[in-house]
Amino acid sequence: MSTEPVYQKCLDPDCGATQEMRVATFTCPKCGGLLDVAYDWERLPPPRSLREFEAKWSQRTDPIAFSGVWRFRELLPFADRDEILTIGEGQTILQRADGMANRVGMKQGCLFMQYEGMNPSGSFKDNGMTAAFTHARQTGARRAACASTGNTSASLAIFCSATGLMRGIVFIGSGKISYGKLAQALDHGALTIQIAGDFDDAMERVQQVASRLGVYLVNSINPFRLEGQKTVMYRVLEALAWEPPDWIIVPGGNLGNSSAFGKAYMELRELGLVKKVPRLAVINAGGARTFDELVNKRGLTWNGGRFSRAAVNSYYAELDAAKSRANTIASAIEINRPVNLPKALRAIDVMNGVVRMASDQEIMDAKALVGAGGLGCEPASAASLAGLIQLREQGVIAPSDRVVCILTAHQMKDSAATVAYHSSDPDNFQQVLGVRGVKRASHANRAVQVPNELEAIVRSIELYS
Ligand SMILES: *Cc1c(COP(=O)(O)O)cnc(C)c1O
Ligand SMILES: [Zn+2]
């Protein structure tokens, strides 16, 4: 046991090694496994009730009380006030989604969307980045790097440019990356290194480079990022007057969000701050379905931290033998080796969770429903609504359950996918988007072609509106 009130602790109960808070190598020094940020709550008193956070609203001219992450800082107490780096992240809202509820057979007032696209860089990643940057500053880092399918690099880049305290380095693969996200990394001045390989390759390389050059790593292996991402759950609770919903549904890529949500509830329960824990549904894309396969087909469970590593390794060996690469239109979750798999297993345990996978077709149709319902999201985010549709059909979720879908990022992140869905002849999908899995555009809103003549234009408007 460390003598500091904040430290890092190995996830494996048979190892249990600890590491000082200010160290920035994010694997266990003894066994190489994942680390948690751990707190000695006796010395860092949490609030007695979640309602105490409401007082922060009257202090909103203070940037730390304003931040949707740091106004909950008593629940991630690893930084002093003057160490915190914030750019106003986490001003996100829980939207009641009655229109979407109708379309998926839920009762009015029972379905909510937590819209993380409202963050400064347009995705939930900013919640984690503010925490990672704060820790980076605590360790004295001058350079920060990540491998990313897009949104992590966009977030890293904006935090570097907005704070001016660190040089950002972004590793991308040569697979799918949306222009919206690449544009952000370039526009915010990050050094962008494109590797001839896929995301998993870029991930491996960035870790090697980080340890060789002492660059601070902000990928979701970084346990401090997950501390920031816990606050998505606090904001959901706050919006529901501290009454936990029945279900949280989230897309699963590297499984950082799932892991963070599990840790948030694990701690809230431990601290006696909630009576009930919602159930968690993690939704993989069909073309990147490692978590679904391991949990549903191979019976992998957390098992008190003693989960079967052999089952994981043999699945990865099969993927390698078949030269199988992740492939989905939902590029943000196109990941076959989720870094946070063990923590996500714990989240499933804590939140009595389920795992599902949604095809590209289901994801794109769900994305159109999100758009028609008044919010916009990128393909990966819509996996949450696609998952809800399945869980409703399977009778796992009832029409009167209170459900929160996490919309992980903004629609403008990937406008190519949106435009292709709404405009292309379904046969063109493969050509336009390079994906085979989308055959129909069931909710397409096609542009109406008219000659440049006033009468014809008026007739079209009368006909279609
Ligand atoms: C990163 C990302 C995800 C995946 O989240 P994980 O925490 O890695 O599971 C999902 N959607 C979007 C838009 C993302 O940027
Ligand atoms: Zn260990």
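Pairing is mixed across the open sheet formed by six strands, whose spatial order is 4-5-13-10-11-12. At either margin of the open sheet sits one strand with a lone partner, and together these are strand 4 (93-96) and strand 12 (354-358). Averaged over all pairs of adjacent strands, the angle between their axes in this sheet comes to 25 degrees, without regard to strand direction. Relative to strand 13 (residues 403-407), strand 5 (residues 111-115) runs parallel, the two sharing five bridges.

Attention now goes to helix 15 (residues 415-423). Buried residues of helix 15: Ala-417, Thr-418, Ala-420 and Tyr-421, and no others. All buried residues of helix 15 lie within an arc of 165 degrees about the axis, which places them on one face of the element.

Relative to the assigned elements, Lys-56 resides in the loop between strand 3 (35-39) and helix 1 (63-66). Overall, Lys-56 belongs to the buried group, its relative accessible area being 12%. Within polar-contact distance, the side chain of Lys-56 engages the backbone oxygen of Arg-71 at 2.5 Å. The residues touching Lys-56, leaving out its near neighbours within four places in the chain, are Ala-65, Trp-70, Arg-71, Phe-72 and Glu-74.

So, about the domain arrangement of the protein chain. When its domains are assigned, the protein chain resolves into domain 1 (1-45) and domain 2 (93-117 + 226-433). Between the C-alpha centres of domain 1 and domain 2 the distance comes to 28 Å. Taken together, the contacts link ten residues of domain 1 with 16 residues of domain 2. When the buried area of domain 1 at its contact with domain 2 is split by residue, Leu-11, Leu-34 and Trp-41 rank highest and sum to 46% of it. Between the two partners, domain 1 and domain 2, sit four salt bridges. Of the charged contacts in the structure, one is a salt bridge between Asp-14 and Arg-306, with a shortest N-O distance of 2.8 Å. For the pair domain 1 and domain 2, the number of links is five residue pairs in polar contact (both at pLDDT 80 or more). The class makeup of the residues in the side of domain 1 that touches domain 2 is seven nonpolar, no polar and three charged.

When you line up the elements, Glu-89 lands in the loop between helix 1 and strand 4. An unpaired buried charge is present at Glu-89: no salt bridge exists, and Arg-235, the closest side chain of opposite charge, is 7.8 Å distant. Looking at Glu-89, its side chain comes within polar contact range of the side chain of Thr-86, at 2.7 Å. When residues no more than four places from it in sequence are discounted, the contact partners of Glu-89 are Ser-67, Gly-68, Val-69, Trp-70, Asn-119, Pro-120, Asp-126, Thr-130 and Phe-159.

The next thing to look at is the coordination of the zinc ion (ligand 2). The protein atoms that coordinate the zinc ion (ligand 2) are Cys-10 (SG), Cys-15 (SG), Cys-28 (SG) and Cys-31 (SG), at distances spanning 2.3 Å. Coordination at the zinc ion (ligand 2) is tetrahedral, judged from the four donor atoms that bind it and the angles of 101 to 117 degrees they form at the metal. For Cys-15, a relative accessible area of 16% puts it in the buried group. Taking the relative accessible area as the measure of exposure, Cys-31 reaches 42% and is therefore partly exposed.

Every one of the 17 residues lining ligand 1 counts as a neighbour, but Lys-125, Asn-151, Gly-253, Asn-257 and Thr-408 are closest to it. Between Gly-256 and ligand 1, the recorded distance is 3.0 Å, taken from a backbone N or O atom to an oxygen atom. Between Asn-257 and ligand 1, the recorded distance is 2.8 Å, taken from a backbone N or O atom to an oxygen atom. Relative to its free-state accessible area of 380 Å², ligand 1 is covered by the protein chains to the extent of 97%. For the shell around ligand 1, the secondary-structure elements that each account for two or more residues are helix 9 (256-270) and helix 14 (379-393). In terms of residue class, the shell around ligand 1 is built from seven nonpolar, eight polar and two charged.

Read across the sheet, three strands follow the order 2-1-3 without closing on themselves; strand pairing throughout is antiparallel. Edge positions in the open sheet fall to strand 2 (18-20) and strand 3, since each of these has one partner strand only. On average, adjacent strands in this sheet sit at an angle of 35 degrees to one another, irrespective of strand direction. The pairing of strand 1 (residues 6-10) with strand 2 spans three bridges and is antiparallel. Note that in strand 2 the partner of Tyr-7 across the bridge is Glu-20.

Our focus in this paragraph is unusual backbone geometry. Its identity as a non-glycine residue notwithstanding, Lys-323 has a phi of 50 degrees, on the positive side. Along the chain, the position of Lys-323 falls in the loop between helix 11 (309-321) and helix 12 (341-350). The class for Lys-323 is exposed, based on a relative accessible area of 72%.

Contact pair helix 10 (residues 290-297) / helix 11: the axes reach a minimum separation of 11 Å and the direction vectors enclose 130 degrees. When the axes of helix 10 and helix 11 are compared, the pair comes out oblique. The handedness of the crossing between helix 10 and helix 11 comes out as right-handed. Side by side, helix 10 and helix 11 meet where Thr-290, Glu-293 and Leu-294 of the first sit next to Ala-311, Val-312, Tyr-315, Tyr-316 and Leu-319 of the second. Partitioned by chemical class, the residues of the contact of helix 10 with helix 11 number six nonpolar, one polar and one charged.

Reading guide: rules and limits
Residues numbered from 1 in each chain as written. Chains lettered and ligands numbered in written order. Predicted model: local features only at pLDDT ≥ 70, side-chain atom pairs only at ≥ 80, totals over all residues. Heavy atoms only, no water. Pairing = 2+ DSSP bridges. Helix = DSSP H or I, 4+ residues; strand = E, 2+ residues; numbered from the N terminus. Axes fitted to C-alpha atoms, helices over the stretch in contact; angles between N-to-C directions. Buried < 20%, exposed > 50% of the residue type's maximum accessible area, 1.4 Å probe, protein only. Arc of directions from axis to C-beta. Polar contact = N/O pair within 3.5 Å; in protein donor to acceptor, adjacent residues only side chain to side chain. Contact = heavy atoms within 4.5 Å. Domains from an automatic or database assignment. Buried area = accessible area lost by both parts, 1.4 Å probe. Salt bridge = Lys/Arg side-chain N within 4 Å of Asp/Glu carboxyl O. Nonpolar A, V, L, I, M, F, W, Y, C, P; charged D, E, K, R; others polar. Lys, Arg positive; Asp, Glu negative; His and termini not counted. Donors = N, O, S within 2.8 Å, 3.2 Å for Na, K, Ca; no water. Tetrahedral: all angles 85-135°; square planar, octahedral: opposite > 155°, others 65-115°. Near = heavy atom within 4 Å. Areas by Shrake-Rupley, 256 points an atom, 1.4 Å probe, with all protein chains shown as cover. Parallel < 35°, antiparallel > 145°, perpendicular 65-115°, else oblique. Left-handed = near helix turned anticlockwise from the far one by under 90°.

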